[in-house]
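Here's the letter readout for the chains.
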Amino acid sequence: KLIRFRSRDQEVEQGLRKKNDIQLKGIHKASMTSINEHPDSDELWKYITDESEIMIRFTVKKTEYICVHAGLHPKYGLKTDPKLIMRIRRVTEDDLKPINFKLGKPEEGIYWADLWTGPQRIVFGHNVFPEVTSFPSAIGIDTGACYGGKLTALIVNPDANWNHKSSMTK
């Protein structure tokens, strides 16, 4: 969201847009201020926009893990459009089209992670769950820290069961 906001602000400055239509919430405004006021602000923005990976991949005991912001489309897998990797939540039941969260009802369709069959294990956020949520080959670790919930990290224990419940502290 910050990247889109900043990009649109730059377009307004260049006269390519009349106004920035992205609304930032308090936490986003605080993050934007923090980045912009940092002594290495330009380097931070460059890292965030140009150098950060869309997927982080690692292997533990022959199992490949992929960390992404929101998820991978069950039909396109590793070839999922980067914009979708950042935003996907649910897809339609019949043709697996992504459902626009703003236009559709959040409960419509099927959650992408319910359809992900691997072989990779996907670690993702973007969708806040009350607790770490396991799917057959994916795990949602966004427990809403920026909204006052828990901050969650995943420690991959190669000897543990995938569906093992993590202990979390606030």
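What you are looking at is a predicted structure, and each value in this text was computed from that prediction instead of being measured.

Enquirer: Requested: an account of helix α2 (residues 26-37), with residues and values cited.
Expert: In a regular helix each residue adds 1.5 Å, so 12 residues correspond to 16 Å; α2 covers 16 Å between its end C-alpha atoms and thus fits that length. All buried positions along α2 are accounted for by His28, Met32 and Ile35. Down the axis of α2, the buried set is contained in an arc of 65°. They therefore lie on one face. Among the exposed residues of α2, those pointing more than 90 degrees away from its buried face are Gly26 and Glu37.

Enquirer: Requested: an account of the pattern of salt bridges, with residues and values cited.
Expert: With the rule as written, the count across this model stands at five salt bridges. Here Glu11 and Arg17 are joined by a salt bridge, their closest N and O atoms 2.4 Å apart. Classification of Glu11 by relative accessible area gives partly exposed; the value is 25%. Here Asp95 and Lys97 are joined by a salt bridge, their closest N and O atoms 3.9 Å apart. Looking at Asp95, the relative accessible area reads 36%, which means it is partly exposed. Look at Lys97 and you get exposed, because its relative accessible area is 51%.

Conventions adopted
- Residues numbered from 1 in each chain as written.
- Predicted model: local features only at pLDDT ≥ 70, side-chain atom pairs only at ≥ 80, totals over all residues.
- Heavy atoms only, no water.
- Helix = DSSP H or I, 4+ residues; strand = E, 2+ residues; numbered from the N terminus.
- Expected span 1.5 Å × (residues − 1).
- Buried < 20%, exposed > 50% of the residue type's maximum accessible area, 1.4 Å probe, protein only.
- Arc of directions from axis to C-beta.
- Salt bridge = Lys/Arg side-chain N within 4 Å of Asp/Glu carboxyl O.

On their own, these measurements won't tell you what the molecule is for.
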